[in-house]
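# Architecture at a glance
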Amino acid sequence: MKVKVKLLAPFKFCDDTAEAELDMPRNSTVRDLVSLIAGRSNIDKYGRDQVMILTGNKIVGYDDLIDKDMEAWIMLQPMGG
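Residues numbered from 1 in each chain as written. Predicted model: local features only at pLDDT ≥ 70, side-chain atom pairs only at ≥ 80, totals over all residues. Heavy atoms only, no water.

### Thoughts on the pattern of salt bridges
Evaluated as defined, the whole model comprises five salt bridges. Between Glu19 and Lys6 there is a salt bridge, with the nearest N and O atoms lying 3.8 Å from each other. A residue pair is termed long-range when its members are at least 10 positions apart, and Glu19 in strand 2 (residues 19-23) and Lys6 in strand 1 (residues 2-7) qualify at 13 residues. Take Glu19: its relative accessible area is 53%, and that puts it in the exposed class. For Lys6, a relative accessible area of 28% corresponds to the partly exposed category. Between Arg31 and Asp63 there is a salt bridge; the shortest N-O distance is 2.8 Å. Here the residue Arg31 occupies a position in helix 1 (residues 30-38), and Asp63 occupies one in the loop between strand 4 (58-60) and strand 5 (70-76), the gap between them amounting to 32 residues. A residue is classified by how much of its surface remains accessible, and Arg31, at 40% relative accessible area, is partly exposed. (Salt bridge = Lys/Arg side-chain N within 4 Å of Asp/Glu carboxyl O. Helix = DSSP H or I, 4+ residues; strand = E, 2+ residues; numbered from the N terminus. Buried < 20%, exposed > 50% of the residue type's maximum accessible area, 1.4 Å probe, protein only.)

### Quick word on the nonpolar core
Membership of the largest hydrophobic core comes to 19 residues, with the highest contact counts inside it found for Val5, Leu7, Leu33, Ile37, Ile53 and Ile74. For this core, the elements supplying multiple residues, two or more each, are strand 1, helix 1, strand 3 (51-55) and strand 5. With four residues, helix 1 is the largest single contributor of residues to this core. With sequence-adjacent residues up to four places away left out, Ile37 is seen in contact with Val5, Leu7, Phe13, Leu22, Ile43 and Ile74. (Core = buried A, V, L, I, M, F, W, Y, C linked by side-chain atoms within 4.5 Å. Contact = heavy atoms within 4.5 Å.)

### A look at the pairing of strand 3
With four of five residues buried, strand 3 is to be regarded as a mostly interior element. Bridge analysis of strand 3 against strand 5 gives four bridges, and the strand direction is antiparallel. In the sheet register, Leu54 faces strand 5, and the bridge partner there is Trp73. As paired strands, strand 3 and strand 4 are joined by three bridges and run antiparallel to one another. The residue of strand 4 that forms the bridge with Leu54 is Ile59. Linkage of strand 3 to strand 4, two consecutive antiparallel strands, is achieved through a turn of two residues, within which Gly56 is found at a positive phi near 65°. (Pairing = 2+ DSSP bridges.)

Printed below as a string of structure tokens:
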């Protein structure tokens, strides 16, 4: 399955881009997608637990399955003090 991924600042892929189309096997989870992205980006510098994933109008969890032709926006979780 193809997944379009857009990394929002401060994340970026190793080639300095912010967007990519990745191939994922059927029945992959969002956790699998984040692991794949982590191997190709600077996400681990900030911590995978600080990542929030948006698809369409909703936030998805790590155990959610990836939909066919999914578009995912990866960003830092908003925090306040």
